[in-house]
Amino acid sequence: MKNLLLAGAAAASLLASCASGPTIRSHIDPAANLSSYQTFMFAERTGTDRPDYKTPITSYFKESIRREMEARGYRYVEGGPADLLINFNANAQENVDVRTTPGSTFGYGYGYYGYRGGLYGAAAFPPEVQTVRYKTGTANVDVVDLSKKQVVWEGIAEARLTDKMMKDPRTAISNVITEMFQQYPGRAGGG
């Protein structure tokens, strides 16, 4: 259950609103003609599903991807046959940054510390070590030519996961899918 929540948070969280937003990349098969396709369907078991059940995260991804594909003129086909198969996945990873601030020694006769006037010795402060833990999320969307069984477009989003994302995964996923599909270079039927 914990892994499900992390993956969901990753997905969701994945990527909505860091101040700078998610990092989005995409890859297209140079030989692919995305306007030659008309229909799409989802993989029977997507990367966000669990062995025995579908997750809410799966439905949020499907809802957002379907909206973007239909806006580009593709027609959704329940269960196929279709020209394109869409699969997706989300992952969360914990990161640890260790930051060290050098120690220091302040004497008793210089600058501001001159007020000590020799009444007592210098102060020495040890280095300060700070450990920062945070999660990053990655989401992938694969658009596959079903007849060739070949990925023709892949969208990837990465971001630091925030509490806001974790609390509202549906909105987080919707936002990241919208940004991701801004890099999708085609429309059905060449439109």
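Residue indices begin from 1 for each chain and proceed along its sequence in written order. With the structure being a predicted model, the display of local features is reserved for residues of pLDDT at least 70 and the display and counting of side-chain atom pairs for 80 or more, all residues being used for whole-chain, interface and lining totals. As a rule here, side-chain values come from all non-hydrogen atoms in the structure, and water together with hydrogens is ignored.

## Things to note about the overall build of the chain
Helix numbering and strand numbering both begin at the N terminus, where a helix is a DSSP run of H or I of at least 4 residues and a strand a DSSP run of E of at least 2. Of regular secondary structure, the chain possesses four helices and eight strands. The secondary structure elements of the chain, listed N-terminal to C-terminal, are α-β-β-α-β-β-β-β-β-β-α-α. Counted over contacts in the chain with a minimum sequence separation of 6, partners at least 24 positions apart contribute 79%. All accessible-area figures derive from a Shrake-Rupley calculation using a 1.4 Å probe, and residue coverage is judged against the displayed protein chains alone. When the accessible surface of the chain is totalled, it reaches about 10,900 Å², and 50% of it is carbon and sulfur. When checking whether two residues touch, look at their non-hydrogen atoms; a contact exists if any pair is within 4.5 Å.

## Some remarks on the packing of helix H2 (residues 56–71) against helix H4 (residues 169–181)
Close contact between H2 and H4 brings their axes to 9 Å; oriented N to C, the two are set at 35°. Crossing hand, H2 versus H4: right-handed. The segment H2 lies against H4, with Ile-57, Tyr-60, Phe-61, Glu-63, Ser-64, Ile-65, Arg-67, Glu-68 and Met-69 engaging Pro-169, Arg-170, Ile-173, Ser-174, Ile-177, Thr-178 and Phe-181. In the scheme used here, Gly and all other residues not listed as nonpolar or charged are polar, with Ala, Val, Leu, Ile, Met, Phe, Trp, Tyr, Cys and Pro taken as nonpolar and Asp, Glu, Lys and Arg as charged. Here the residues of the contact of H2 with H4 sort into nine nonpolar, three polar and four charged. Only the contacting stretch of a helix is used when fitting its axis, a line to C-alpha atoms as for every element, and angles between N-to-C directions run 0 to 180 degrees. By definition, turning the near helix anticlockwise from the far helix through less than a right angle yields a left-handed crossing, and turning it clockwise yields a right-handed one.

## A few points about the side chain of Glu-68
Its location among the elements puts Glu-68 in helix H2. Exposure classes here rest on a 1.4 Å probe applied to the protein chains alone. A residue is buried below 20% of its type maximum, exposed above 50%, and partly exposed in between. Classification of Glu-68 as buried rests on a relative accessible area of 9%. Polar side-chain contacts of Glu-68 include one of 3.2 Å to the side chain of Arg-67. Once residues lying within four places of it in the same chain are set aside, the contact partners of Glu-68 are Ile-177, Thr-178 and Phe-181. For this analysis, a polar contact is any N or O atom pair within 3.5 Å, provided that within protein one partner can donate a hydrogen and the other can accept it, and provided that sequence-adjacent residues contribute only side-chain to side-chain pairs.

## Details of the packing of aromatic side chains
We call Phe, Tyr and Trp rings a pair once their centres come within 6.5 Å, taking the six-membered ring for Trp, and we label the pair stacked below 30 degrees between planes, edge-to-face above 60, and tilted otherwise. Following the criterion strictly, the structure yields nine aromatic pairs and no others. Both rings, one in Phe-42 and one in Tyr-76, keep their centres 5.7 Å apart while their planes meet at 45°; by these two values the pair is tilted. Highlighted residues: Phe-42 in strand S2 (residues 39–42) and Tyr-76 in strand S3 (residues 75–76), separated in sequence by 34 residues. Of the two residues, Phe-42 and Tyr-76, both sit in the buried class. Taking 5.2 Å as the distance between ring centres and 45° as the angle between the ring planes, the aromatic pair formed by Trp-153 and Phe-181 counts as tilted. Separated by 28 residues along the polypeptide, Trp-153 in strand S8 (residues 150–160) and Phe-181 in helix H4 bring together distant segments of the chain.

## Considering unusual backbone geometry
The phi angle at Lys-149 is positive, at roughly 55°, despite the residue not being glycine. Structurally, Lys-149 can be placed in the loop between strand S7 (128–145) and S8.

## Observations concerning the pattern of salt bridges
Any carboxyl oxygen of Asp or Glu that lies within 4 Å of a side-chain nitrogen of Lys or Arg is treated as forming a salt bridge with it. Overall, the coordinates contain six salt bridges when judged by the stated rule. Of the charged contacts, one joins Arg-170 and Glu-63 as a salt bridge, the two residues approaching to 2.7 Å between their closest N and O atoms. One end of the pair, Arg-170, is in helix H4; the other, Glu-63, is in helix H2, with 107 residues separating them in the sequence. Across the pair Arg-66 and Glu-70 runs a salt bridge whose closest N-O atoms are separated by 2.9 Å. Here Glu-70 and Arg-66 lie together in helix H2, a separation of four residues that amounts to about one turn. On the basis of relative accessibility, which here comes to 35%, the residue Arg-66 falls in the partly exposed class. If you follow the salt bridges from partner to partner, you end up with Arg-67, Glu-68 and Arg-72 in one network.

## A short note on a nonpolar patch on the surface
Here the term patch refers to residues with relative accessible area over 30% and no salt bridge, with like charges joined within 9 Å and nonpolar side chains (Val, Leu, Ile, Met, Phe, Trp, Tyr) within 5 Å. Side chains of Val-96, Val-98 and Val-129 sit close together on the surface and give an oily, nonpolar patch of about 260 Å² of accessible area. On the basis of relative accessibility, which here comes to 54%, the residue Val-98 falls in the exposed class.

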